[in-house]
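Coordinate analysis (summary)
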Amino acid sequence: MIKLGVNIDHIATLRQARRTFEPDPVTAASLAVLGGADIITVHLREDRRHIQDRDVRLLRETVFTKLNLEMSVAEEIVGIAIQTKPEQVALVPEKREEITTEGGLDVVSQKRVLDNVVKRLTDTGIAVSLFIDPEKGQIKAAKEVGAQFIELHTGNYANAKDADSRVKLTEKLKHGVTIARDLGLRANAGHGLTYQNVGFIVESLDVEELHIGHSIVSRSVFVGIQKAVQEMKDLIFRHSVAKHSSG
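As a starting point, this report considers the structure included with it.

1. Concerning the packing of helix α10 (residues 214-223) against helix α11 (residues 225-246)
Between α10 and α11, the shortest axis-to-axis distance is 7 Å and the interhelical angle comes to 125°. As judged from the angle between their axes, α10 and α11 are oblique. The chirality of how α10 crosses α11 is right-handed. Counting all contacts with α10, which are made through I216, R219, S220 and V223, the residues of α11 involved are I225, K227, A228, V229, E231 and M232. A per-class count over the contact of α10 with α11 returns six nonpolar, one polar and three charged.

2. Considerations on the layout of surface pockets
Counted as a void, the second largest pocket has a volume near 190 Å³. What lines the second largest pocket is a set of 13 residues, among which I11, L14, P23, V217 and S220 lie closest to the centre. When the residues that make up the lining of the second largest pocket are grouped by side-chain class, the tally is eight nonpolar, four polar and one charged.

3. Focus: unusual backbone geometry
That bond from E22 to P23 is cis: its omega, -5°, falls within 30 degrees of zero. You can see P23 is positioned in the loop between α1 (9-18) and α2 (25-34). Phi at R48 is positive, roughly 55°, even though this residue is not glycine. Structurally, R48 can be placed in the loop between β2 (39-43) and α3 (53-62).

4. Comments concerning the sheet that holds β2
Sheet strands pair by backbone hydrogen bonding; their relative direction is either parallel or antiparallel. Taken together, the eight strands give a closed barrel; going around it, the order is β1-β2-β3-β4-β5-β6-β7-β8, and neighbouring strands pair in parallel fashion. When the angles between neighbouring strand axes are averaged without regard to direction, this sheet yields 25°. Strands β5 (127-132) and β6 (149-153) of the sheet are contacted by helix α6 (residues 136-144), whose axis makes an angle of about 165° with β5. Taken strand by strand, α11 contacts β1 (3-7) and β8 (209-212), and its axis lies near 150° from that of β1.

5. Describing the side chain of E151
Structurally, E151 is set in strand β6. Here E151 occupies a buried position and makes no salt bridge, while the nearest side chain of opposite charge, K66, is found at 9.6 Å. Among residues more than four places away in sequence, those in contact with E151 are A90, S129, L130, F131, I132, N188, A189, G190 and H211.

6. Re the packing of aromatic side chains
The final tally for this structure, using the stated rule, is one aromatic pair. Relative to F200, the ring of Y157 lies with its centre 6.4 Å away and its plane at 20°, an arrangement referred to as stacked. With a gap of 43 residues between them, Y157 in helix α7 (residues 155-159) and F200 in helix α9 (residues 198-204) connect regions that are remote in the sequence. Given a relative accessible area of 38%, F200 falls into the partly exposed group.

7. Observations concerning the environment of L210
When you line up the elements, L210 lands in strand β8. Distance in space between the C-alpha atoms of L210 and V117 is 24 Å, their sequence separation being 93 residues. When sequence neighbours within four positions are dropped, the list of residues in contact with L210 reads I2, K3, L4, G5, A189, L193, V198, I201 and V202.

8. Overview of the packing of α2 against α11
Closest axis-to-axis distance for the α2/α11 pair is 7 Å, and the angle between their directions is 40°. Accordingly, the angle class assigned to the pair α2 and α11 is oblique. Crossing angle aside, the handedness with which α2 passes α11 is right-handed. Contacts between α2 and α11 involve A28, L31, A32 and L34 on the former and, on the latter, I225, Q226 and V229. Class assignment for the residues of the contact of α2 with α11 results in six nonpolar, one polar and no charged.

9. A few points about the pattern of salt bridges
Once their charged atoms are close, side chains differing in charge can pair, the charge on each being opposite to the other. One pass over the structure, following the stated rule, counts 17 salt bridges. Linking E208 and R186 is a salt bridge whose minimum nitrogen-to-oxygen distance equals 2.9 Å. With a gap of 22 residues between them, E208 in the loop between α9 and β8 and R186 in strand β7 (residues 186-190) connect regions that are remote in the sequence. A salt bridge links D206 to K243; its shortest N-O distance comes to 2.5 Å.

10. Regarding helix α4 (residues 75-84)
Within α4, the full set of buried residues consists of I77, V78, I80, A81 and T84. One side of α4 holds all its buried residues, which, seen down the axis, span an arc of 160°. Those residues of α4 that are exposed and aimed more than 90 degrees away from the buried face are E75 and Q83. Here the buried face of α4 lies against α3, β3 (67-71), β4 (88-91) and α5 (111-123). Positive backbone phi, at 60°, marks K85, one or two positions downstream of α4.

Cut-off values and rules
- Residues numbered from 1 in each chain as written.
- Predicted model: local features only at pLDDT ≥ 70, side-chain atom pairs only at ≥ 80, totals over all residues.
- Heavy atoms only, no water.
- Axes fitted to C-alpha atoms, helices over the stretch in contact; angles between N-to-C directions.
- Helix = DSSP H or I, 4+ residues; strand = E, 2+ residues; numbered from the N terminus.
- Parallel < 35°, antiparallel > 145°, perpendicular 65-115°, else oblique.
- Left-handed = near helix turned anticlockwise from the far one by under 90°.
- Contact = heavy atoms within 4.5 Å.
- Nonpolar A, V, L, I, M, F, W, Y, C, P; charged D, E, K, R; others polar.
- 1 Å grid on protein atoms, 1.4 Å probe; cavity = no way out; pocket = protein on both sides within 12 Å on 5 of 7 lines; lining within 4 Å.
- Points joined across faces, edges and corners; volume = space filled by probe spheres on them.
- Pairing = 2+ DSSP bridges.
- Buried < 20%, exposed > 50% of the residue type's maximum accessible area, 1.4 Å probe, protein only.
- Lys, Arg positive; Asp, Glu negative; His and termini not counted.
- Salt bridge = Lys/Arg side-chain N within 4 Å of Asp/Glu carboxyl O.
- Phe/Tyr/Trp six-rings, centres within 6.5 Å; stacked < 30°, edge-to-face > 60°.
- Arc of directions from axis to C-beta.

Below, the structure is given as structure tokens:
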């Protein structure tokens, strides 16, 4: 079954709104794992708008599943990753003015920088994933810079206005997975996935991990993080069964 990575950034967003100590994303991570999260994902942004250095340090000490650190290629952040040693990092584009990540990393134009960063991370024993759009040139470049994983950006699929658009965008994602596999890359996916739209992705894409944050955190306001994660895991399981039954 596809593994679920739960992004807990917005637990920290709520805390930072008051610059206080609660809710604690470290506690949220423990409850998410109890709910069935296979991976805990956090994005340590350069402006520290939600996740803080302290969170990453404590999560490394307390998460016993898999810790996935989303990050830019800024030298300070790379240094923190090398020191903290999460099991996996996902290199993502980052703009100070954006509300959330707006698209995939342009690997083609940043190959020289990424060559260096990916090597430094992998030499430390950290698996490296690149968050990219499902474009052949970007996927090939991800392989060339030494990444082991790609995470395909599903935001366009999530924002599609009609069923026909969703189907076309899903086919593009499927093609991206095929290209990655042919190159020897492992494929994940994420961004903008919700309880309403995740099923079609599960049934359509042969990926290893789905990374989902905002929808789960939003649901947790009403039912708690453990139950919100469990509900998403149940959805993924049901659609995985449907996929294999129809196949």
